[in-house]
Amino acid sequence: MLKSRKQVRRLAAGGAAVLAFVLMSGAAAAQQYSDLKTYGPLTLSAQGSFFVGGSTHVIDPKYISPSAFSADSGNSMINQMYVQYQIPKNTIDEYPIVFVHGCCLTSKTWETTPDGRMGWYEYFTRKGFKTYMGEQVGRGRSGFDALTYQKVLTGDLPGSKNPAILIATDKFAWNVFRWGDYDTKTPFKDERFPMQTVGVGKNATLDFYKQVIPDLNSTLSEAASPDCADGNCTPSDPNAPFNSPDNMATLANQLGGAILVGHSQSSGFPTMAALRPGSMGVRGIIQLETGCFANLTPANIKILKNIPILIMVGDHFTTPQPPAACVTMQKQIKDAGGDMTFVALPDIGIHGNSHMFMQDNNNLQIADILISWIKKHVKYKKHGHGGQDGPGHGHGHNDGGHGNHH
């Protein structure tokens, strides 16, 4: 590891000291309106939403449904990324932070937790960060490309050409998010996820699963994975063009510099964004569970050695941590003189965290560890670019014509 265990413990202690936070191990009820917690006024200078990227393609009349609207055939927009933001009235001298969610989820990942507590979107804003959330292309408010389904419907393509849809079930969530034993619905004894929102314990509901939606990333027209199938088209090559990291690179440029955060399926996206042609705005990389690449080229390493990188994972893995790819990547970055930190939360004395630690009952403690790392590793340089003064100050939010075309 690049940092000694003693140094990492100091990092965790520094983050935890910032926060006077009482852990709520299952005391909160499920997320309904009446269960939401409030934390006092949140003073903003701006909030809103916009799109990054996007390209059009022509829809032939025969692919318009219902057919009564076939005369309305024309262009359709795809490949855009929806971004939501909050700018606090009193910002700190740090780059904006951009969060992107993982598989089968949306930006809801970063908002109010399933049991009604403050999420990272609000918390980072309260801590003075200009805070942005992007929704992966092909998901949520970013939309997806439906043309292939219409071609199958009209018989122009066989049914076997229909892009697979990744449908995440409750069992998928238990296994991937590391909550415990699905068959007996028994959580790990120290499990920190609000299990009452997935059917366990007093006042149990299934409210968390309302966040889980079909994953349509296999419909992406610019998916570059050669083995794109079964609902998973995320490239294994960090240099491959791919819609979401392409748009993240564009957004970081627009903001005049940004810290990119990816989780799970998108954990490798911040690194990929930094390696896009023309990418100049990635100032920090935070990859949650896990996002390491063992196939970086010398040219990749030359770029990444100049960008601080934090990899963080939770508890209850059945495989050794860090994984082999992270060991390889760390050595490459370290040997080149770069800054890469790997933190397994159990190694710094924090136990019981799930794959979804931004929603666990100590989520704000984990957020403070990230903030502490940012302040120590990401060197902020203020300049006159509009992105440092808040949104809408000359960095082109409505960017439909700024997409990455490959």
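Everything below is about the structure shown above.
None of these values were measured; they are calculated from a predicted model.

Strand order across the open sheet formed by eight strands is 1-4-6-5-9-10-11-12, with mixed pairing between neighbours. At either margin of the open sheet sits one strand with a lone partner, and together these are strand 1 (44–52) and strand 12 (340–344). On average, adjacent strands in this sheet sit at an angle of 15° to one another, irrespective of strand direction. Pairing geometry for strand 1 and strand 4 (residues 81–88), over eight bridges, is antiparallel.

A rise of 1.5 Å per residue sets the reference length of helix 8 (residues 324–335), with its twelve residues, at 16 Å; its end C-alpha atoms lie 17 Å apart and thus fit the reference within 8%. The inward-facing, buried residues of helix 8 abut helix 6 (269–274), helix 7 (298–304), strand 11 (309–313) and strand 12. Gly337, located one to two residues past helix 8, shows a positive phi value of around 90°.

Here the structure, examined in full by the defined rule, presents nine salt bridges. Notably, a salt bridge pairs Lys210 with Asp207, separated by 2.9 Å at the nearest N-O pair. Lys210 gets classed as exposed once you look at its relative accessible area, which sits at 63%. Here Asp335 ties to Lys331 by a salt bridge, and the two come within 2.7 Å at their closest N and O atoms. Here Asp335 pairs with Lys331, and both are found in helix 8, just four residues apart, close to one helical turn. Relative accessible area serves as the criterion here: at 54%, Lys331 is assigned to the exposed category.

Moving on to unusual backbone geometry. The peptide bond linking Ser65 to Pro66 adopts the cis configuration, its omega dihedral lying at -10°. Within the fold, Pro66 resides in the loop between strand 2 (55–58) and strand 3 (75–78). A cis geometry characterises the amide bond from Gln321 onward to Pro322, with omega recorded as 0°. Tracing the backbone shows Pro322 in the loop between strand 11 and helix 8. The phi torsion at Asn79 lies on the positive side, around 70°, for a residue other than glycine. Here Asn79 is to be found in the loop between strand 3 and strand 4. Even without a glycine there, the phi angle at Cys104 is positive, about 65°. On the secondary structure map, Cys104 appears in the loop between strand 5 (97–100) and helix 2 (120–126).

Summed over the entire model, instances satisfying the criterion amount to 21 aromatic pairs. With 6.3 Å between their ring centres and 70° between their planes, Trp174 and Tyr182 make a pair best called edge-to-face. With a relative accessible area of 1%, Trp174 lands in the buried category. Ring geometry for Phe193 versus Phe208: centroids 5.2 Å apart, planes at 85°, classification edge-to-face. With Phe193 in the loop between strand 8 (186–187) and helix 5 (243–254) and Phe208 in the loop between strand 8 and helix 5, the pair connects residues that are 15 residues apart, well separated along the chain. On the accessibility criterion, Phe208 (0% relative accessible area) is buried. Three or more aromatic residues joined by ring pairs make a cluster, and in this case those are Trp174, Phe177, Trp179, Tyr182, Phe193, Phe208 and Tyr209. Directly above the aromatic system of Tyr182 lies the positively charged group of Lys185, at a separation of 3.7 Å from the ring centroid.

Basis of the calculations
Residues numbered from 1 in each chain as written. Predicted model: local features only at pLDDT ≥ 70, side-chain atom pairs only at ≥ 80, totals over all residues. Heavy atoms only, no water. Pairing = 2+ DSSP bridges. Helix = DSSP H or I, 4+ residues; strand = E, 2+ residues; numbered from the N terminus. Axes fitted to C-alpha atoms, helices over the stretch in contact; angles between N-to-C directions. Expected span 1.5 Å × (residues − 1). Contact = heavy atoms within 4.5 Å. Salt bridge = Lys/Arg side-chain N within 4 Å of Asp/Glu carboxyl O. Buried < 20%, exposed > 50% of the residue type's maximum accessible area, 1.4 Å probe, protein only. Phe/Tyr/Trp six-rings, centres within 6.5 Å; stacked < 30°, edge-to-face > 60°. Lys NZ or Arg CZ within 6 Å of the ring centre and 35° of its normal.

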